[in-house]
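Residue-level structure breakdown
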Amino acid sequence: MTHEQYMESAAPYALGALDPAERATFEAHLAGCAECREAIAAYREVAGALAQSAPPVVPRNAAALRDRIVRNAQRVRPIGVVLRPSRNGGQPRVVASSVAGAASRRVPWVIAALSLAAAAMFAFVYRAERNRAVGLRSELASARAARAHDDSVLAAFVGPEVHVVSLAAASEKPTVRVFWNHTRNTFIVTASGLPPAPAGKTYQLWALRKGQVPLPMGTFVANPAGQTMTTLAVSTAINDGGFIDDCALTIEPIGGSPQPTESPRLIGSWRHVD
Amino acid sequence: MQSEIIAAMAAGDAEALGALYDAYGSIAYGLAYAITGAHASAESAVAAAFAEAWRTAATFDTSRLSVLAWVTSLVRQAALAAVPRERRRTDQWVAVVPAPTASTSVGRALGTLTEPQRRVLELSYFRGLSASEIAAHLGERERDVRELLKSAMNDLRSAVSPTGTVEERPVTRA
C-alpha cells in the first residue's frame, strides 16, 4: 500500500472505525510515518472537539461522582510513580516518570475552542485550596476514627478475661498470636513474618477441643511485610463450648473452609494473659 | 496549568484528579450520557475513564495531545464498552443524537456539514461503529462511508480556525 492510501485510513483510524486487521496494518505503517502520526493527532483533536457537541446533561449527583473518583484514586497508585530517596537523604519522595512538565506544544485552536479553559484556570486555584482543606479535614476524621478503633481494640484486650495463644513452628518465624476475650467474644490475630498466602488462598484459624472436630475461627491475610492485626469474624458457637484447648493455622481457599483441607501449618495452646 | 495537573496526577496527587474532574467532568458526563443513554452507565463510564486517566497520567504527553482530547477519548471508550456492540448496531438503541447548535464552536462547525457527513460521523463517534458496520447499517458502500468520514473530519478540522472561532462559511455546502 502507498503512503497516500494509508493517509486515507487516518480519519477512520482516529475514530476507531477500522476493522481489527486493517487497524493492525495501519499501526505498523504508523510506527514509521511521522506524517500519518501528525494527521492522527489532528484528527484526535477533532474527535475531542466532537465530544463537546454532546448535549449537556446534569449528573444525578456530581459531588458524589467526584468523591467516588477521588476516593478510588486514593486506593490506586498510578503507573510510573516510584519512591526514591531524596537527594539530601531525607524522607523518600514520590517522583513520576512523566514528561508532563515539558513545554506544551498543544494544537492552539483547541485551547481557544475551549471556552471553559480561561475560567477553569481561576477555578483551579480556588478549588485546589478548597480541596486541600477538605482533604485535611477528612484525614483528621479518619485519624480520629482509627484512634477510636485502636482504643476499643485495646479495651477488649486488657483484663483477666483475655486468653492468648502463640502459634509456632519449629523454626523461629513466623509468629502468630491470637487473643481471645471470651466475655466479649472477640478474637484478634496478630502476625509477623508470615509469608503471603498463595494466589486464591487465605489463612484460616481453627479452634481445637479435645475429642471434637476443629471449629472454623475465621480467615485473615497479612500485608506484604507479613504483618497483620485482624479482628476475626467468629461464630458465637465457639464461645459456648467452654475453654478452647488449642489453636491451629492452615491455608485454605479464599472464603475459608468448613473443615481444614490440610494438616496445620502452625499450632499452639491457649493460656491466660497474666 | 493543565500540564501541571497531569504532572501532579502522575506524581500520585489524588486531588489533582479532582481538579481534572472539575474541569472536564461535565463534558465527560454529557458524552457518556449521549453514548449510554442512562445515568447509571454514564456515571460508571465517567468513573472508569477518570480511573484510567489516573492510572496512566505518567504516560500521557501533553505536548502531543490536548487534555480534552485525551480525557474524552477515555470517556468515549468506557461508555462504548458499556453498551453491547449488537445494541449499538441496531436502531432499537437510540443514542442521544446531538443536534448542531450555534452555541458552541463545534456545534457551529457541525452545522457546516452535510446530512450524510453528520450521519456517518454520529454512527462512528457516538455509536463506535466501524466503517464497514456503518456501511451495512446504512446500506451504503464502505468506500463511500470512509470518504464521508474523512471529509467530515477534514471539514471540522478546518472549520475551527487556529483562533478557535468558526470561519464564516455558508451553512449549506455545495
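Residues numbered from 1 in each chain as written. Chains lettered and ligands numbered in written order. Predicted model: local features only at pLDDT ≥ 70, side-chain atom pairs only at ≥ 80, totals over all residues. Heavy atoms only, no water.

A count of helices and strands for chain B gives nine helices and zero strands. Relative to its 174 residues, chain B shows a buried fraction of 57%. Considering only contacts in chain B between residues 6 or more positions apart, those separated by 24 or more positions represent 62%. When the accessible area of chain B is evaluated, it comes to approximately 6,800 Å², of which 53% is carbon and sulfur surface. (Helix = DSSP H or I, 4+ residues; strand = E, 2+ residues; numbered from the N terminus. Buried < 20%, exposed > 50% of the residue type's maximum accessible area, 1.4 Å probe, protein only. Contact = heavy atoms within 4.5 Å. Areas by Shrake-Rupley, 256 points an atom, 1.4 Å probe, with all protein chains shown as cover.)

Moving on to the packing of helix α2 (residues 14-36) of chain B against helix α3 (residues 39-56) of chain B. All names here are of chain B. Between α2 and α3, the shortest axis-to-axis distance is 9 Å and the interhelical angle comes to 140°. Compared by their axis directions, α2 and α3 come out oblique. Crossing geometry of α2 relative to α3 is assigned as right-handed. Facing α2, whose interface residues are A14, L17, L20, Y21, Y24, G25, A28, Y29, A32, Y33 and T36, α3 presents H39, S41, A42, E43, A45, V46, F50, A53 and W54. A class-by-class count of the residues in the contact of α2 with α3 yields 15 nonpolar, four polar and one charged. (Axes fitted to C-alpha atoms, helices over the stretch in contact; angles between N-to-C directions. Parallel < 35°, antiparallel > 145°, perpendicular 65-115°, else oblique. Left-handed = near helix turned anticlockwise from the far one by under 90°. Nonpolar A, V, L, I, M, F, W, Y, C, P; charged D, E, K, R; others polar.)

Residue and element names in this part refer to chain A. Within strand β5 (residues 186-192), five of the seven residues are buried, which leaves it mostly tucked inside the rest of the structure. As paired elements, strand β4 (residues 175-181) and β5 share seven bridges and run antiparallel to each other. Across the sheet, V178 pairs through a bridge with V189, a residue of β5. One ladder, built from five bridges, connects β5 with strand β8 (residues 228-232); its direction is antiparallel. Following the sheet pairing, V189 is matched in β8 by T230. (Pairing = 2+ DSSP bridges.)

This brings us to the side chain of S66 of chain B. Examined against the element boundaries, S66 of chain B turns out to sit in the loop between α3 and α4 (67-82). S66 of chain B gets classed as buried once you look at its relative accessible area, which sits at 2%. Polar side-chain contacts of S66 of chain B include one of 2.6 Å to the side chain of E45 of chain A. At 3.0 Å, the side chain of S66 of chain B forms a polar contact with the backbone nitrogen of A69 of chain B. (Polar contact = N/O pair within 3.5 Å; in protein donor to acceptor, adjacent residues only side chain to side chain.)

Attention now goes to the pattern of salt bridges. On inspection of all chains with the given rule, the structure shows 15 salt bridges over all chains. Residues R60 of chain A and E43 of chain B are paired through a salt bridge, measuring 2.9 Å at the closest nitrogen-oxygen approach. Taken together, the residues R60 of chain A in the loop between α4 (34-51) and α5 (62-74) and E43 of chain B in helix α3 connect one chain to another. Looking at R60 of chain A, the relative accessible area reads 54%, which means it is exposed. Overall, the relative accessible area of 14% leaves E43 of chain B in the buried class. D144 of chain B is the partner of R141 of chain B in a salt bridge, and the nearest nitrogen-oxygen pair spans 3.2 Å. (Salt bridge = Lys/Arg side-chain N within 4 Å of Asp/Glu carboxyl O.)

Time to look at the confidence of the model for chain A. Summary statistics for chain A give a mean pLDDT of 75 and a share of 68% for residues scoring 70 or more. This stretch, residues 82-115 of chain A, has a pLDDT under 50; its non-local contacts, to residues over four places away or in other chains, come to 62 contacts. (pLDDT = per-residue confidence, 0-100.)

Residue and element names in this part refer to chain B. Here R119 shows up in helix α7 (residues 115-125). Since its relative accessible area comes to 27%, R119 is described here as partly exposed. As for R119 and I134, which are separated by 15 residues in sequence, their C-alpha atoms are 9.5 Å apart.

What follows is about the nonpolar core. The nonpolar side chains of a soluble globular protein tend to be buried, and buried together. Ranked by internal contacts, the top residues of the largest apolar core, which has 85 residues, are M9, L20, V46, F50, W70 and L121 of chain B. It is α2 of chain B that contributes the most residues to this core, 16 residues altogether. Each residue touching V46 of chain B, except ones within four places of it in the same chain, is listed here: L65 and I69 of chain A together with Y21, A28, Y29 and A32 of chain B. With 23 residues, the next largest nonpolar core counts F187, M217, F220 and V234 of chain A among its residues. (Core = buried A, V, L, I, M, F, W, Y, C linked by side-chain atoms within 4.5 Å.)

A word on α2 of chain B. Residue and element names in this part refer to chain B. In a regular helix each residue adds 1.5 Å, so 23 residues correspond to 33 Å; α2 covers only 27 Å between its end C-alpha atoms and thus falls short of that length. Its axis deflected by about 60° at Y24, α2 carries its strongest bend there. Among the 23 residues of α2, 21 are classified as buried, and the element is accordingly described as predominantly covered. Sitting at the amino-terminal end of α2 is D13, which places a side-chain oxygen 2.9 Å from the backbone nitrogen of E15. G37 occupies a position one or two residues after α2 and carries a positive phi of about 70°. (Expected span 1.5 Å × (residues − 1). Bend = angle between axes of the 7 residues up to and from the residue.)

A few words on the confidence of the model for chain B. All names here are of chain B. Averaged over every residue, the pLDDT of chain B is 84; residues scoring 70 or more account for 84%. Confidence, read as mean pLDDT per element, is least for helix α6 (residues 105-111) in chain B (80) and greatest for α4 (95). Taken over the whole predicted complex, pTM reads 0.56, whereas the ipTM for its chain interfaces reads 0.87.

Evaluated as defined, the whole model comprises six aromatic pairs over all chains. With a centroid separation of 5.7 Å and an interplanar angle of 20°, the aromatic rings of Y203 of chain A and F220 of chain A are classed as stacked. Within this pair, whereas Y203 of chain A is found in strand β6 (residues 201-208), its partner F220 of chain A is found in strand β7 (residues 215-220), the two being separated by 17 residues in sequence. The exposure class assigned to Y203 of chain A is buried, which follows from its relative accessible area of 4%. Since its relative accessible area comes to 3%, F220 of chain A is described here as buried. For the ring pair Y125 of chain B and F126 of chain B, a centre distance of 5.1 Å and an interplane angle of 85° mean the geometry is edge-to-face. Summarising the burial analysis for this pair, Y125 of chain B and F126 of chain B share the class buried. Here the aromatic residues Y6, Y13 and F26 of chain A are joined through ring pairs into a cluster of three or more. Seen from the ring of Y43 of chain A, R157 of chain B lies directly overhead, with NZ or CZ sitting 5.3 Å from the centre. (Phe/Tyr/Trp six-rings, centres within 6.5 Å; stacked < 30°, edge-to-face > 60°. Lys NZ or Arg CZ within 6 Å of the ring centre and 35° of its normal.)

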